[in-house]
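The residues making up each chain are set out below.
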Amino acid sequence: MHLLSLDECRTLLFEFSVEGSALSVDHVISVHVTESPGDCELKCYLEDDCMSINTGPMGDGTYYCELSDSDHVLHPRDLENRIGVIYRSVKNFCASSPCSSNERCQTGFTDKGYRCICSAEFKGENCSIEIIGQDKSKPGLSCRDILDSGSSEGDGVYWIDPEKSGAPIRAYCDMTTAGALHRYRRGHGFKSRTNFFSGLISTTSSVICYISGGWVLISNIEIPTTTFNLSFTSHNSYRGIGNYKNNLMVLTNSAMYELCKVLQVTQLRFHCRKQMKRTFHVTSAISKTGWAVVEYFCGQTNELPLSCNSFEVMRDDNSILTSHCNDWGDDNTQRQVGTWGHYPTTTDVDDGRLNSFVAFIGNTSYWHISLIEGLLLCDDNGFEIPWLSSGDFWKIYVR
C-alpha cells in the first residue's frame, strides 16, 4: 500500500471559462478523448503539470481534451479563437512565479497552493538552493560549507575544493555527529589566535552553537580481520584525504598543517574504538584550551596543550583517558603532566602527531599508532587480550 503525503494531494478550482477560445497548441502537453468535459477536468487533476484545458465535441458523442501546462494569465497572447471549443483554467498559484527561474511550478499542491519541481542542480522549497558537493563540477569548500548550504544528503562522500583550485577531491563527510561549534558572522585568519578568541567573546561577531555534522574525515584506520597487516604510507599532502576508502589513511605532520590552513580548521574530533575494550571519543572544546589543541595538531606550535578542559566528551565514550585528564602526557622531564601528546622524538616525526602518543596515561591507556613499533592502542596499553578485533577503528575528523 502506498500512502500519499500531503505534497502529493492536489486541489484544483476551475474558476475561468471562455467559450470559443483555446490556449495555443504550443502549451499542450497531452491530448485525450473523453466522454464529457468533466472527464477532461479529471484528466487535468491527474496530470501534475496541467493548468488549463481545451475541450470540445468530436461529433460522435465524445469530446477531445487538450491539457496545457500554462494558462491565459502566464501567456495572455496565446489565448486564441477556436469555434466550438471551451477553454477552462484553474486558479493558478504559479502565476506569481514563486519558483526560481527555469524550475517547474505545479499548481494545486501543498498548503501554499503550489510546489516547485527542482532540477538536479537545485533544491529547497522554491528551488533556490544551489546543490554543491554532489558533483565534481560544483564542489563545496568543505563538508561544513555543504551542510550550511542545505546540500547535505547525510553522511557520505562529497566533492570539496577548499582552495578553489578547480581540482576538487572526494572526501568523506560526517554530516550528523553533533558537537559545539563556533559559528562566525565574519571571517577570521587561520594564523591569528587573537582573531579566533576575539570572535569568542564578541556577541556581535559570533555565536557558539551545539550543532551536528560538517566533519571531514582526515585519518582512518579500520581493522577488517584479526589477521590485519599494519603496513601503510602516510600521505604528504592534504589531498590524501581522498583515499577515504582505504582503511589505512593517515596524514603526515606537513599534510596536516596544509589541511588546517586551507580548511581554516577550528575543531578536531578523535574517535577510536576497540570492540572488546573501550571507546575514546572527544571533540576539541570551543575555548582557549581547545584552540591550543587545534594549534598543536595543526603544527602551528610545539607547545604541548593542556588536556583538562580542552575537550568535550561524546556520548559513546567510556574511556579511562577522559576521566583522568590530569594524568596525561610526557614533557620529557616527567609523565602525568596533564597535556596532549609528548615531547617530540624521531619516532614521533615519522609517525606524526595525529598517530603517535596523541593522548596517553603512562603504562595505562593510550591513543597510539606506530608503524615502527607495530602498535594500535585505543585507551589500552597493548597488554590486554584480545589485542585487536575485526571492526576496531581509529578516526580523526576536522571542521
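The rules we used
- Residues numbered from 1 in each chain as written.
- Predicted model: local features only at pLDDT ≥ 70, side-chain atom pairs only at ≥ 80, totals over all residues.
- Heavy atoms only, no water.
- Salt bridge = Lys/Arg side-chain N within 4 Å of Asp/Glu carboxyl O.
- Helix = DSSP H or I, 4+ residues; strand = E, 2+ residues; numbered from the N terminus.
- Buried < 20%, exposed > 50% of the residue type's maximum accessible area, 1.4 Å probe, protein only.
- Phe/Tyr/Trp six-rings, centres within 6.5 Å; stacked < 30°, edge-to-face > 60°.
- Pairing = 2+ DSSP bridges.
- Axes fitted to C-alpha atoms, helices over the stretch in contact; angles between N-to-C directions.
- Contact = heavy atoms within 4.5 Å.
- Arc of directions from axis to C-beta.
- Polar contact = N/O pair within 3.5 Å; in protein donor to acceptor, adjacent residues only side chain to side chain.
- 1 Å grid on protein atoms, 1.4 Å probe; cavity = no way out; pocket = protein on both sides within 12 Å on 5 of 7 lines; lining within 4 Å.
- Points joined across faces, edges and corners; volume = space filled by probe spheres on them.
- Nonpolar A, V, L, I, M, F, W, Y, C, P; charged D, E, K, R; others polar.
- pLDDT = per-residue confidence, 0-100.
- Disulfide = S-S within 2.5 Å.

A few words now on the pattern of salt bridges. Following the criterion strictly, the structure yields 12 salt bridges and no others. Among the salt bridges present, the one from Asp174 reaches Arg269, with a minimum N-O distance of 2.6 Å. You can see Asp174 sitting in strand β11 (residues 169-174) and its partner Arg269 sitting in strand β16 (residues 268-273), a full 95 residues away along the chain. Across this residue pair, the class does not change: Asp174 and Arg269 are buried. Two residues, Asp380 and Lys274, come together in a salt bridge whose shortest N-O distance is 2.7 Å. Here Asp380, found in strand β21 (residues 375-380), pairs with Lys274, found in the loop between β16 and β17 (279-284); they are 106 residues apart in sequence, far enough to count as distant.

Glancing now at the packing of aromatic side chains. In the structure shown here, the tally under the stated rule is 15 aromatic pairs. A centroid spacing of 5.3 Å and a plane angle of 35° characterise the contact between Phe270 and Trp340, whose relative ring orientation is tilted. Placement of Phe270 in strand β16 and of Trp340 in the loop between β18 (311-313) and α6 (346-351) is noted, with a sequence separation of 70 residues between them. Assigned by exposure class, Phe270 and Trp340 land together as buried. Ring geometry for Phe297 and Trp340: centres 5.7 Å apart, planes at 85°, overall edge-to-face. Of the two residues, Phe297 sits in helix α5 (residues 288-297) while Trp340 sits in the loop between β18 and α6, which places them 43 residues apart along the sequence.

Before going further, it helps to spend a moment on the sheet that holds strand β4 (residues 63-68). On the basis of which strands lie adjacent, the open sheet formed by 5 strands has the order β1-β5-β3-β4-β2 and antiparallel pairing. At either end of the open sheet lies a strand with only one pairing partner, and these are β1 (14-23) and β2 (28-34). Going across the sheet, the axis of each strand differs from the next one's by a mean of 25°, ignoring polarity. When strand β3 (residues 52-57) meets β4, the two strands line up antiparallel, connected through 6 bridges. Counted as the bridge partner of Pro57 is Tyr63 from β4.

Right, let's talk about the environment of Glu258 for a bit. Mapped onto the elements, Glu258 comes out in helix α4 (residues 253-263). Sequence separation of Glu258 and Asn236 is 22 residues, and the distance between their C-alpha atoms is 9.4 Å. Apart from the residues within four sequence positions on either side, Glu258 is in contact with Asn236, Ser237 and Tyr238.

Of all the positions in helix α1 (residues 37-46), only Cys40, Glu41 and Cys44 are classed as buried. When α1 is viewed along its axis, its buried side chains cluster within an angular range of 105° and face the same direction. At its buried positions, α1 is contacted by β1, β2, β3, β4 and β5 (79-90).

Another point: the side chain of Ser219. Within the secondary structure layout, Ser219 lies in strand β14 (residues 215-222). On the accessibility criterion, Ser219 (3% relative accessible area) is buried. Here the side chain of Ser219 touches Met249 through a polar contact of 3.4 Å, landing on its backbone oxygen. If we skip the residues at most four places from it in the chain, Ser219 touches Met249, Val250, Asn355, Trp394, Lys395 and Ile396.

Roughly 300 Å³ of internal volume is contained in the second largest pocket. Its residues assigned to classes, the lining of the second largest pocket shows 6 nonpolar, 5 polar and 4 charged.

What follows concerns the confidence of the model for the chain. In this model, the chain carries a mean pLDDT of 87, and residues with pLDDT of at least 70 account for 86%. Predicted confidence for residues 1-5 stays below pLDDT 50, and this span has 2 contacts to residues more than four positions away or in other chains. Scored below 50 in pLDDT, residues 346-350 shows 9 contacts in the model against residues more than four places distant or in partner chains.

The next thing to look at is the state of the cysteines. Per the counting criterion, the structure on display carries 9 disulfides. With its sulfur 2.0 Å from that of its partner, Cys40 forms a disulfide with Cys65. Measuring the twist about the S-S bond at about 80°, one finds the Cys40-Cys65 disulfide to be right-handed. With Cys40 in helix α1 and Cys65 in strand β4, this pair connects stretches of sequence that are 25 residues apart. Classification of Cys40 as buried rests on a relative accessible area of 0%. Here Cys65 falls in the buried class, since its relative accessible area comes to 0%. Residue Cys44 pairs covalently with Cys50 via a disulfide, S to S 2.0 Å. Taking the torsion about the sulfur-sulfur bond, which here is approximately -100°, the covalent link between Cys44 and Cys50 counts as left-handed.

Right, let's talk about the sheet that holds strand β20 (residues 365-370) for a bit. What the 3 strands build is an open sheet, ordered β19-β20-β21; its pairing is antiparallel. Unpaired on one side and paired on the other, β19 (359-361) and β21 mark the two borders of the sheet. Sheet twist, expressed as the mean angle between neighbouring strand axes with direction ignored, is 35°. Summarising the sheet, β19 and β20 pair through 3 bridges and their orientation is antiparallel. Bridging across to β20, Ala359 finds its partner in Trp367.

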